[in-house]
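# Architecture at a glance
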Amino acid sequence: MTSTISEAIVGALQRTLGTKAALHEPVFAGRELEYLKECLDTTFVSSVGKFVDLFEARLAEYAGVKRAVAVANGTAALHLCLELAGVRQDDEVLIPALSFVATANAVAYCKAVPHFADSSQETLGMCPSKLRDHLDAVAERRSDGYAWNRRTGRRIAACVPMHTFGHPVDIEPLAELCGRWNIALVEDAAESLGSFRDGKHTGGSGLVSALSFNGNKIITTGGGGAILTNHEALGAKAKHLSTTAKVPHPWAFFHDQIGYNYRMPNLNAALGCAQLEELPGFLGKKRALASRYAAAFDGMNGVRFFREPRGCRSNYWLNVLLLDREHAGERDAVLEATNKAGVMTRPAWTLLNQLPMYAECPSMDLGVAMDLQNRLINIPSSAKL
Ligand SMILES: *Cc1c(COP(=O)(O)O)cnc(C)c1O
């Protein structure tokens, strides 16, 4: 009897997990209830309270940055990051085609235009050498000091690499490239809290970067996000913009620009403080699960478990299987069989350039992103597994 690749994968997943499994579930086994109760007991549930400051301070310390500003969600964090990076109407922003839709939406909120970049097979994130060649082909540095797209006549204002499924992108050559072209570097670190490259936490290389604490991320505040930065002035500006640009005063209301109500409520920050205390434990468990997957798929024909890039310590937020190219046609059969067996799996996102609202946006060749999209499968990754 010949066994299909679907059967082999279902078998390996069931042996590894020993149970039905969701893709990513939160774990609340620390001081969540205690901190939440404190919010209720003191009535500080909303925009005032000690947990927001505490969460921001602990987050900045953990990520090794000067300042963290907690906000309502990761998309809001990205939107503010782009404003802080000076992205304006009709600018272009380089983003990976292989990302969650929020990366492109944040660009659109600034009335700017996404410009899609290809991925690397080693990191799943933006490929520095391909981006370098593309910029050499389409961009020019004008006398105003900025990089302009010669084909579209628009300024290329920012570049937003994303740490895909928690695996750190190759940030140093990207930072070097952005420096050379005077393009602002913003990191979408929504998926990579707890991931390091060369001992340095993700999100600390750009001008500013965005985290997410949505319910499916490595830690959750229910809904939430944060902006990280090593620039004090940008941190202060992020706080100001996210809190309606109100000028601090004991009783007067004065707002000195159009700000946003993007602040994180104290209730959510309380959850965040408790979750952050558990992060080291989550990381240990997720890395142990990744090792079990690596062993289970070691030597299996037609499929490979994706390991962290060289020099990196990944949070393994969402584990990744890559079918061999000759089995890409069986991807949907694998998704069908695994979900039917109660082991939740998902394909990669539809590439952003294939979504109707972004179909006309400029793009480089996306051969690697398309290849990854065709054969990538996310498998259960909760810390409790
Ligand atoms: C989760 C996520 C976001 C957005 O976060 P929300 O908190 O859901 O708004 C942005 N970018 C990427 C890559 C993400 O995975």
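Look a little higher up for the structure.
Residues numbered from 1 in each chain as written. Predicted model: local features only at pLDDT ≥ 70, side-chain atom pairs only at ≥ 80, totals over all residues. Heavy atoms only, no water.

### Re the pairing of strand 14 (residues 319-323)
- Along strand 14, five of the five residues are buried, which leaves the element largely enclosed by surrounding structure.
- Both faces of strand 14 are covered, namely the face carrying Asn319, Leu321 and Leu323 and the face carrying Val320 and Leu322.
- Two strands pair when backbone bridges link them, and strand 12 (residues 303-305) and strand 14 are joined in this way by three bridges, in the antiparallel orientation. Bridging from a neighbouring strand, phenylalanine 305 pairs with leucine 321 of strand 14.
- In terms of strand pairing, strand 14 meets strand 16 (residues 376-379) through four bridges, oriented antiparallel. (Buried < 20%, exposed > 50% of the residue type's maximum accessible area, 1.4 Å probe, protein only. Helix = DSSP H or I, 4+ residues; strand = E, 2+ residues; numbered from the N terminus. Pairing = 2+ DSSP bridges.)

### Re the packing of helix 4 (residues 74-84) against helix 8 (residues 232-242)
- As a packed pair, helix 4 and helix 8 sit with axes 10 Å apart at the nearest point and diverge in direction by 125 degrees. Between helix 4 and helix 8, the angle is such that the two are oblique. Handedness of the crossing formed by helix 4 with helix 8: right-handed. Where helix 4 approaches helix 8, its residues Leu80, Glu83 and Leu84 are matched on the opposing element by Leu234, Lys237, Ala238, Leu241 and Ser242.
- Across the contact of helix 4 with helix 8, the residue classes tally to five nonpolar, one polar and two charged. (Axes fitted to C-alpha atoms, helices over the stretch in contact; angles between N-to-C directions. Parallel < 35°, antiparallel > 145°, perpendicular 65-115°, else oblique. Left-handed = near helix turned anticlockwise from the far one by under 90°. Contact = heavy atoms within 4.5 Å. Nonpolar A, V, L, I, M, F, W, Y, C, P; charged D, E, K, R; others polar.)

### Observations concerning the sheet that holds strand 14
- A sheet is described by the order of its strands in space; here four strands give the open sequence 12-14-16-15, paired in antiparallel fashion. Strands at the two margins of the open sheet, each flanked by one partner only, are strand 12 and strand 15 (346-347).
- The strands touched by helix 1 (residues 5-17) within the sheet are strand 12, strand 14 and strand 16, with strand 14 carrying the most contacts at an inclination of about 160 degrees.

### Concerning helix 9 (residues 266-297)
- Counted at 1.5 Å a residue, the expected span for helix 9 with its 32 residues is 46 Å, and the 43 Å between its end C-alpha atoms agrees.
- The largest bend along helix 9 reaches roughly 45 degrees and is located at glutamate 278, with the proline proline 280 sitting one to four residues downstream.
- Immediately beyond the C-terminal end of helix 9, within one or two residues, lies glycine 299, with a positive phi of roughly 80 degrees. (Expected span 1.5 Å × (residues − 1). Bend = angle between axes of the 7 residues up to and from the residue.)

### Things to note about the packing of aromatic side chains
- A complete count under the given rule lists eight aromatic pairs for this structure.
- With centroids separated by 5.2 Å and ring planes inclined at 65 degrees, the aromatic side chains of phenylalanine 55 and phenylalanine 213 adopt a geometry described as edge-to-face. Here phenylalanine 213 lies in the loop between strand 10 (208-212) and strand 11 (225-229) and phenylalanine 55 lies in helix 3 (residues 50-63), a separation of 158 residues in the sequence. For the pair shown, phenylalanine 55 and phenylalanine 213 are each scored as buried.
- Both rings, one in tyrosine 293 and one in phenylalanine 305, keep their centres 5.7 Å apart while their planes meet at 35 degrees; by these two values the pair is tilted. Of the two residues, tyrosine 293 sits in helix 9 while phenylalanine 305 sits in strand 12, which places them 12 residues apart along the sequence. This pair shows no difference in class: tyrosine 293 is buried, exactly as phenylalanine 305 is.
- Positioned above the aromatic ring of tyrosine 146 is the side chain of arginine 155, whose terminal nitrogen or guanidinium carbon lies 4.4 Å from the ring centre. (Phe/Tyr/Trp six-rings, centres within 6.5 Å; stacked < 30°, edge-to-face > 60°. Lys NZ or Arg CZ within 6 Å of the ring centre and 35° of its normal.)

### Points about the site of the ligand
- Looking at the ligand, there are 16 residues lining it, with Gly74, Thr75, Glu191, Ser212 and Lys217 nearest.
- Here glutamate 191 contributes a side-chain N or O atom positioned 2.5 Å from an oxygen atom of the ligand.
- In the model, an oxygen atom of the ligand is placed 3.2 Å from a nitrogen or oxygen of the lysine 217 side chain.
- Secondary-structure elements contributing two or more residues to the shell around the ligand are helix 4 and helix 5 (101-109).
- It is helix 4 that contributes the most residues to the shell around the ligand, three residues altogether. (Near = heavy atom within 4 Å. Polar contact = N/O pair within 3.5 Å; in protein donor to acceptor, adjacent residues only side chain to side chain.)

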